[in-house]
Amino acid sequence: MVRHAGAPSRGTGCHHARMDNTVRTGTELLWSALGGDPALLDRVAHTGTSGLLPARLPVMDLARATVAVAGLAAVERGGLPGKVRVDDGAVATAFVSERHLRVDGRAPVSFAPLSRLWRASDGWVRTHANYPHHRTALLSALGVREESVEAVAASVAERKAVETETAVYAAGGLAVALRTPEEWAAHEQGREVAARPLLTRERLDDAAPRRRSGPLRVLDLTRVLAGPVATRTLALLGADVLRVDPPGNPELPDQHADTDVGKRTAALDLDSPADRRALGELLDAADVLVTGYRPGALDRFGLHRPGLVVARLSAWGDYGPWAGRRGFDSLVQVATGIAVTEGSADRPGALPAQALDHGTGYLLAAAVLRSLTEQERDGGTRLVRLALAQTGHWLTHALPRYEPERYLTETDGPLGRLRHALSPVSYEGGPAGWSRPPGVQGGDDPVWLGT
């Protein structure tokens, strides 16, 4: 049984608005990318709470906007007349849902000991080794026989960061070298990401519109974390979500507890003819297929069906030299320069949440709902594609963020060249700045001007 907590108080520390300008900017950008009706934007009601998900990048704006468009897509498809509520407290809590999880009072295990930043001979490397097969590949690539933090640290320290990145990926593991934003922008994969839209929506054929009755059927072939967040959201909205994992490689228990609420789960071995037939039968009756495997990894199984909505999620995109690479939020932050922006090249930082995962998840849910709305009206098999790296690029380049330099000016005067803050008092027809710079203390005559 699921118990619902009472509605939170809307008192101290909150303000009410239809949608403030900061929230509206991100929501407008996403809703436009999804092809949504601009008139629906006025349906978003925002309740703000300051100081949540603090970061140098506009993480809270990303969180609000992705949640808002998921709500808009839901009310649009359902023909519902009411408001879409975006409560900062609820949004910020959901974006770190894995940290709040408790299983019989036990806190979750977020990262395994070998999933972390390591000092390389010329910088930093981030690894991800939560899954046993990734851990085995990491140790093999580094020539380390035992699961030892000290042994891995010593091996990485002897190599250049990119050397470790290359070796670990070649072995089937996950590691990325820390890059600055400028280094990522110059990287071939970074250029590919920058040249493409945040998401793509395609109509693949002229399949007839589907007249659906009963719950939406969603086949979920995703794991950690964006895909499961998307399908968790679809389950909330009443979909029958069936998640399928390989029997020998189940989801991590705490990830399952956090992201599989509202779903059913099953195990199928796609190397087994009987299980492949079972998957095919599920697809024949499905409305939505959501996949989180590397681009092309499932193509041999022939998963597309006429009239299906297919949502494909990847870490780096299905283009460029990294198209076939696995990845997770923490790795994308390090590779794309976000970790440097949130810290420095000498001491990398991190976003206050796995915001690329969570944000992409809510955006993916919105894209699925919008595609269903269009398919039911106009027909066609629909394909939507998103990537964590694209969401990261949107966060760092599309959303407005606080930049102190915009509010500073320079003035020459008796004290030399000063850099100082502009006045926040501003109104139409008012002064653009002060009429004079500061002078030498005590250097003016004790008289009024003009006398």
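Reading the values: the criteria
Residues numbered from 1 in each chain as written. Predicted model: local features only at pLDDT ≥ 70, side-chain atom pairs only at ≥ 80, totals over all residues. Heavy atoms only, no water. Helix = DSSP H or I, 4+ residues; strand = E, 2+ residues; numbered from the N terminus. Buried < 20%, exposed > 50% of the residue type's maximum accessible area, 1.4 Å probe, protein only. Contact = heavy atoms within 4.5 Å. Areas by Shrake-Rupley, 256 points an atom, 1.4 Å probe, with all protein chains shown as cover. Lys, Arg positive; Asp, Glu negative; His and termini not counted. Charge placed at Lys NZ, Arg CZ, Asp CG, Glu CD. Patch = residues over 30% accessible without salt bridge, like charges linked within 9 Å, V, L, I, M, F, W, Y side chains within 5 Å. Salt bridge = Lys/Arg side-chain N within 4 Å of Asp/Glu carboxyl O. Pairing = 2+ DSSP bridges. 1 Å grid on protein atoms, 1.4 Å probe; cavity = no way out; pocket = protein on both sides within 12 Å on 5 of 7 lines; lining within 4 Å. Points joined across faces, edges and corners; volume = space filled by probe spheres on them. Nonpolar A, V, L, I, M, F, W, Y, C, P; charged D, E, K, R; others polar. Axes fitted to C-alpha atoms, helices over the stretch in contact; angles between N-to-C directions. Parallel < 35°, antiparallel > 145°, perpendicular 65-115°, else oblique. Phe/Tyr/Trp six-rings, centres within 6.5 Å; stacked < 30°, edge-to-face > 60°. Polar contact = N/O pair within 3.5 Å; in protein donor to acceptor, adjacent residues only side chain to side chain. Core = buried A, V, L, I, M, F, W, Y, C linked by side-chain atoms within 4.5 Å.

Colleague: Any chance you could explain the overall build of the chain here in plain terms?
Modeller: Helix and strand counts for the chain stand at 16 helices and 15 strands. Put simply, the chain has 451 residues, and 48% of those count as buried. Look at the contacts in the chain between residues 6 or more apart in sequence, and 70% of them connect residues 24 or more apart. Put simply, the chain shows about 22400 Å² of open surface, and 52% of that area lies on carbon and sulfur atoms. The average position of the 52 basic charges and that of the 53 acidic charges among the side chains of the chain differ by 3 Å.

Colleague: How should I be thinking about a nonpolar patch on the surface in this particular structure?
Modeller: On the surface, Y402, Y407 and L422 cluster together into a nonpolar patch covering about 340 Å² of accessible area. Position of Y407 relative to the elements: it lies in the loop between α16 (388–397) and β14 (408–413). Residue class for Y407 comes out partly exposed when judged on its relative accessible area of 41%.

Colleague: Sorry, what's going on with the pairing of strand β15 (residues 416–421) here?
Modeller: Regular strands place their side chains on alternate faces of the sheet. Looking at chain direction, β14 and β15 are connected through six bridges and run antiparallel. Within β15, the position partnered with G413 by the bridge is G416.

Colleague: Mind showing me how you'd approach the layout of surface pockets here?
Modeller: Regions of empty space are outlined by a rolling probe, equal in size to a water molecule, passed over the atoms. Considered as a void within the structure, the second largest pocket measures approximately 810 Å³ in volume. Put simply, the parts of the chain that give the lining of the second largest pocket at least two residues each are α5 (132–142), α10 (226–236), β9 (240–245) and β12 (309–314). When grouped by side-chain class, the residues that make up the lining of the second largest pocket number 18 nonpolar, eight polar and ten charged.

Colleague: I keep staring at the pattern of salt bridges and nothing clicks. Help me out?
Modeller: Side chains that differ in charge, positive against negative, can pair when their charged atoms come close. One pass over the full model with this rule turns up 34 salt bridges. A salt bridge links E28 to R24; its shortest N-O distance comes to 2.9 Å. A residue pair is termed a helical-turn pair when its members lie 3 or 4 positions apart in one helix, as E28 and R24 do in helix α1 (residues 21–33) at four residues. Residue R135 pairs with E147 through a salt bridge whose shortest N-O separation is 3.3 Å. Highlighted residues: R135 in helix α5 and E147 in the loop between α5 and α6 (149–157), separated in sequence by twelve residues. By relative accessible area, which is 18% here, R135 ends up buried. For E147, a relative accessible area of 48% corresponds to the partly exposed category.

Colleague: How should I be thinking about the packing of helix α15 (residues 355–378) against α16 in this particular structure?
Modeller: When two helices pack together, their arrangement is captured by the angle between the axes and the distance separating the axes. Between α15 and α16, the least distance of the axes is 9 Å, while the angle of their chain directions is 100°. Of the possible angle classes, the one that applies to α15 and α16 is roughly perpendicular. Each of L356, D357 and T360 in α15 lies in contact with α16, whose residues at this interface are L388, T391, G392 and L395. Of the residues in the contact of α15 with α16, the class split is three nonpolar, three polar and one charged.

Colleague: What should I look at first to understand empty space enclosed by the protein in this one?
Modeller: Under the counting rule described, the total for this entry stands at one cavity of 30 Å³ or more. Each pocket or cavity is described by its volume, and for the largest cavity that value is around 60 Å³. Surrounding the largest cavity, S110, F111, H128, N130, Y131, V224, L252, Q255, F328, S330 and Q354 form its lining. Across the lining of the largest cavity, the residue classes break down as five nonpolar, six polar and no charged.

Colleague: Explain α16 here, please?
Modeller: Within α16, nine of the ten residues are buried, leaving the element largely enclosed by the surrounding structure. For α16, the full list of buried residues reads L388, A389, Q390, T391, G392, H393, W394, L395 and T396.

Colleague: Please clarify how the sheet that holds strand β8 (residues 217–221) should be interpreted in this entry.
Modeller: Either a parallel or an antiparallel arrangement is found when strands of a sheet pair, and the pairing is made through backbone hydrogen bonds. Read from one edge to the other, the open sheet built from seven strands follows the order β7-β13-β12-β11-β8-β9-β10, with strand pairing classed as mixed. A single partner strand is all that each edge strand has here, and the edge strands are β7 (200–203) and β10 (264–267). The mean inter-strand angle of the sheet, taken between neighbouring strand axes irrespective of direction, is 20°. Most of the contacts of α10 go to β9, to which it runs at about 155°, and overall it touches β8, β9, β11 (288–291) and β12.

Colleague: Can you help me understand the packing of aromatic side chains in this one?
Modeller: The description of two aromatic rings rests on the distance between their centres and on the angle between their planes. The tally for this structure, following the rule as stated, stands at five aromatic pairs. Geometrically, the ring pair formed by W184 and W316 is tilted, given 6.1 Å between the ring centres and 45° between the ring planes. Residue W184 is found in helix α8 (residues 181–186), and its partner W316 is found in the loop between β12 and α13 (329–335); the two are separated by 132 residues along the sequence. You'll find W184 and W316 in the same group, each marked buried. Ring centres of W184 and W322 lie 5.7 Å apart, and the angle between their planes is 50°; this geometry places the pair in the tilted category.

Colleague: Looking at this model, I keep getting lost on the side chain of D329. Mind explaining?
Modeller: Examined against the element boundaries, D329 turns out to sit in helix α13. Buried charged residue D329 carries no salt bridge. Nearest counter-charge: R126, at 8.7 Å. Only 2.6 Å separates the side chain of D329 from the side chain of Q333, close enough to count as a polar contact. When residues no more than four places from it in sequence are discounted, the contact partners of D329 are Q354, A355, L356, D357 and L388.

Colleague: Is there a simple way to think about the sheet that holds strand β4 (residues 117–120) in this case?
Modeller: If you trace the three strands from one edge of the open sheet to the other, you get β4-β5-β6, paired in antiparallel fashion. Strands with a single pairing partner mark the edges of an open sheet, and in this sheet they are β4 and β6 (175–177). Across this sheet, the average inter-strand angle for adjacent strands is 30°, counted without regard to direction. Strands β4, β5 (123–127) and β6 of the sheet are contacted by helix α7 (residues 161–170), whose axis makes an angle of about 155° with β6.

Colleague: In this structure, what is going on with the side chain of H134? I would like to understand it.
Modeller: Mapped onto the elements of the fold, H134 is located in helix α5. Discounting chain neighbours no more than four positions away, the residues touching H134 are H128, A129, G172, G173, L174, R326 and F328.

Colleague: Help me understand the nonpolar core, please; the structure alone is not making it clear to me.
Modeller: Nonpolar side chains in soluble globular proteins tend to end up buried together. Core analysis: the largest hydrophobic core is formed by 85 residues, its most contacted members being F95 and W316. Looking at this core element by element, the count peaks at twelve residues for helix α2 (residues 59–78).

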